[in-house]
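Residue strings, one per chain:
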Amino acid sequence: MPQAAHYAESHLMDLLASFGMDVPYVRAERNTLFYRDGDGAEVPVLDLVGGFGSLILGHNPPEIRARVQELLDTQAPVHIQLSRNDTADQVGQLLNKIIQREFPDTEDYRIVYGNSGAEAVEIALKHAELDRLMRVSELFQALDWNASQALAAVKDGRATLPDDPSALPDGIQLPTDAVEFERLLGELTAHNAALAAQSPVYFALEGGFHGKLVGSVQVSHSPAVRVPFAALGFEAVFVPPNRLDVLQHLVDEKRATALDVTVTDGRVRVVTRDFPVFGGFLLEPVQGEGGIHVLPEDLLSGLKLICEGAGCPVVVDEIQTGMGRTGAFLAASHHGFPPDYLLLGKSLGGGVAKVSATLIRSSRYRPVFDLMHSSTFAKDGFSTEIALSTLRLLEADDGRVYRLARERGARITDALRGVAADFPDVLREIRGTGLLIGVEFAPRNDSPSTTIREKSRGGLLSFLSAGYLLRAHGVRVVPTGSDLNVLRIEPSVHISDQEIAQLEAGVRDLCLILRNGDARPLIEA
Ligand code: F0G
């Protein structure tokens, strides 16, 4: 029986093996992963990948482990589909309490559970589209009613025919009698029906990332991630993050206008009404997978105004930036405006469970969605209990975790900026916020080292560097998915001064190697 080297992601494993990153970890605690050396002894590794942002409390946090043990010991029910899950409501209640604190006087939010971040995005897209279609239906009901009232008024002499052609599309004439007026109403209905047949408009930011499932991948900007699957979904409209003027232009260009009739003071008028063509605008307050880019402060407030004017809901994706990572519960908290949709995931699972949450303003929520979306594992008894415990840990001691994220993040950033100051030719920028930090390396496409030069040109230098840091310094990092020149630093709030010093020493050593253009340590270590 042939034995494959790897049955799971064998190509990726081969790539990782070429950089010495195919390490089988056997234990994890706080910021440390452990593998076994040839003698079977545990070797510690400082893990700064942090589950791609899923470990704000670290690997296997003691409090979460105790809660898991308790749930198992008491045979807590996990699969309780189509029953009442009070814990799920307690999570919703606590999240609303937090949101109220972050955004005072905001209405409350309904919560829909998913299993992964991308699922939370899919849920938001599905609900936004259902909401949009219901708004279209409500508009058409109003238009039909208005048309019937106007026709009746014209037929029984209570209203005169419309005499202002300004709202009429080209080619449609004003009526001269009730028969022609009825024909006109038919043409207005056909015009409106054509709008309903158009594809909706979903905006997302260039550089943004929202997951790799079939719907969510359509709003993830990276062509490498999205384009091969474009035929499976809708075409999102991508907007440059620093160009509100472009967004306003696109909104004006894509705005759709329905035609309505009113009867005022005995006169029929043809008027225009906004047609709900905009489904939503998705954004991350800090673009993580796209290379750790903090959005400009004024962008969100300006974007919110434009979207409000267009009737376009704003979906703030905090799957990576939420749960305290940026030094507040939400990154949007720093911008002061509550979104229409708020997405959470990753760290919501306490480092041990898979759970995500799509929060939707109650005034926007469509109750029928409860009956239209589900999944076997979502809102299960285990993950909702862990989410509740995790949120309580974040909120404890008046938000000590958020203060720690700010203080630890600043300390890491300062240490790395000290290295960047000594190696401005190697490190382009240290950026991010809280414990979401990116280290951008300058390309080495002209390095005297053939290895460094070729890896740089192939976009793989960051993997060569990560493999070196792992082997020579016991520090585990990886590049961001869509910007391979950026190493992401996403530790838990428990990162120690000694661990920060370990990271700093490793990056400093790597910079010297890259500056000297001698690849041997990168390969031999
Ligand atoms: N939204 C954001 C902002 C994310 O960062 C991610 C995942 C997702 C959605 C999808 O979540 O992986 O649980 O389905 N980010 C990872 C990263 C992949 O590389 O930062 P998922």
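As recorded in an unreviewed UniProt entry, the protein chain goes by Aminotransferase class III-fold pyridoxal phosphate-dependent enzyme and comes from Streptomyces graminofaciens.

Asker: Would you explain the overall build of the protein chain in this entry?
Answerer: Across its full length, the protein chain carries 14 helices and 19 strands. In terms of overall dimensions, the protein chain has C-alpha extents of about 95 × 60 × 55 Å along its principal axes. Put simply, the protein chain has 525 residues, and 52% of those count as buried. Sequence-distant contacts, at least 24 apart, represent 70% of the contacts inside the protein chain between residues at least 6 apart. When the accessible surface of the protein chain is totalled, it reaches about 23400 Å², and 53% of it is carbon and sulfur. For the protein chain, the separation between the mean place of its 50 positive charges and that of its 69 negative charges on side chains is 3 Å.

Asker: Would you explain the site of the ligand in this entry?
Answerer: Neighbouring the ligand are 14 residues, the closest being Gly117, Ala118, Asp317, Gln320 and Arg488. Take alanine 118: an N or O atom from its main chain is 2.9 Å from an oxygen atom of the ligand. A majority-of-atoms criterion places the ligand in the largest pocket.

Asker: What's the story with the pairing of strand E15 (residues 427-433) in this structure? I'm lost.
Answerer: On a regular strand, each side chain points to the face opposite its neighbour's, so the side chains alternate between the two faces of the sheet. Here E15 runs beside strand E16 (residues 436-441); their pairing, made up of six bridges, is antiparallel. In the sheet register, threonine 433 faces E16, and the bridge partner there is leucine 436. Linking E15 back to E16 in an antiparallel pair, the connection comprises two residues, with glycine 434 at a positive phi of about 60 degrees.

Asker: Explain the side chain of glutamate 395 to me, please; I cannot follow it from the model alone.
Answerer: As for its position among the elements, glutamate 395 is in helix H10 (residues 381-422). By relative accessible area, glutamate 395 is classed as buried at 15%. When residues no more than four places from it in sequence are discounted, the contact partners of glutamate 395 are Ile98, Arg101 and Tyr402.

Asker: So what exactly am I meant to see when it comes to the packing of helix H4 (residues 86-102) against H10 here?
Answerer: Each pair of packed helices gets described by two things: the angle between the helix axes and the distance between those axes. Running from amino to carboxyl end, H4 crosses H10 at an angle of 25 degrees, the nearest separation of the two axes being 8 Å. Judged by the angle between their axes, H4 and H10 are roughly parallel. For H4 against H10, the interelement crossing comes out left-handed. Residues Thr87, Ala88, Gln90, Val91, Leu94, Leu95, Ile98 and Arg101 of H4 form the contact with H10, whose participating residues are Thr384, Glu385, Ala387, Leu388, Leu391, Arg392, Glu395 and Tyr402. Partitioned by chemical class, the residues of the contact of H4 with H10 number nine nonpolar, three polar and four charged.

Asker: Even after reading the chapter, I still don't get the packing of helix H8 (residues 244-254) against helix H9 (residues 297-310), so can you show me in this structure?
Answerer: Here H8 crosses H9 at 10 degrees, and the two axes come no closer than 10 Å. Between H8 and H9, the interaxial angle falls into the category roughly parallel. Contacts between H8 and H9 involve Leu244, Leu247, Gln248 and Val251 from the first element and Asp298, Leu299, Gly302, Leu303, Ile306 and Ala310 from the second.

Asker: What is the right way to look at the sheet that holds strand E1 (residues 27-29) in this model?
Answerer: Strand pairing in a sheet relies on backbone hydrogen bonds. The paired strands run either parallel or antiparallel. The four strands lie next to each other as E1-E2-E3-E17, forming an open sheet whose pairing is mixed. The open sheet has two edge strands, E1 and strand E17 (475-476), and neither has a second partner. Relative to E17, strand E3 (residues 42-47) is paired through two bridges, and the arrangement is parallel. The residue bridging leucine 46 from the neighbouring strand is valine 475, located in E17. Here helix H13 (residues 497-516) sits on the sheet in contact with strand E2 (32-36), E3 and E17, set at roughly 85 degrees to E3.

Asker: Whenever I open this one, the layout of surface pockets confuses me. Can you help?
Answerer: Space left empty within the atom packing is revealed by a probe, the size of a water molecule, rolled over the atoms. In this structure, the largest pocket encloses a volume near 1400 Å³. Looking at the largest pocket, it is lined by 46 residues, and the ones nearest its centre are Phe52, Phe209, Lys212, Lys346 and Arg488. Sorting elements by how many residues they give to the lining of the largest pocket places helix H1 (residues 10-18) first, with four residues. Considering only residue class, the lining of the largest pocket consists of 24 nonpolar, 13 polar and nine charged. Computed from the structure, the second largest pocket encloses a volume of approximately 880 Å³.

Asker: What is the right way to look at empty space enclosed by the protein in this model?
Answerer: Applying the stated rule across the entire model yields one cavity of 30 Å³ or more. Each pocket or cavity is described by its volume, and for the largest cavity that value is around 90 Å³. Lining the largest cavity are Phe441, Ala442, Pro443, Arg444, Ser456, Leu461, Ser462, Ser465, Leu484, Asn485, Leu487 and Leu514. Elements supplying a minimum of two residues to the lining of the largest cavity: helix H12 (461-473) and strand E19 (483-489). Considered class by class, the residues forming the lining of the largest cavity number seven nonpolar, four polar and one charged.

Criteria and thresholds
Residues numbered from 1 in each chain as written. Predicted model: local features only at pLDDT ≥ 70, side-chain atom pairs only at ≥ 80, totals over all residues. Heavy atoms only, no water. Helix = DSSP H or I, 4+ residues; strand = E, 2+ residues; numbered from the N terminus. Buried < 20%, exposed > 50% of the residue type's maximum accessible area, 1.4 Å probe, protein only. Contact = heavy atoms within 4.5 Å. Areas by Shrake-Rupley, 256 points an atom, 1.4 Å probe, with all protein chains shown as cover. Lys, Arg positive; Asp, Glu negative; His and termini not counted. Charge placed at Lys NZ, Arg CZ, Asp CG, Glu CD. Near = heavy atom within 4 Å. Polar contact = N/O pair within 3.5 Å; in protein donor to acceptor, adjacent residues only side chain to side chain. 1 Å grid on protein atoms, 1.4 Å probe; cavity = no way out; pocket = protein on both sides within 12 Å on 5 of 7 lines; lining within 4 Å. Sits in = over half its atoms within 2 Å of the grid points. Pairing = 2+ DSSP bridges. Axes fitted to C-alpha atoms, helices over the stretch in contact; angles between N-to-C directions. Parallel < 35°, antiparallel > 145°, perpendicular 65-115°, else oblique. Left-handed = near helix turned anticlockwise from the far one by under 90°. Nonpolar A, V, L, I, M, F, W, Y, C, P; charged D, E, K, R; others polar. Points joined across faces, edges and corners; volume = space filled by probe spheres on them.

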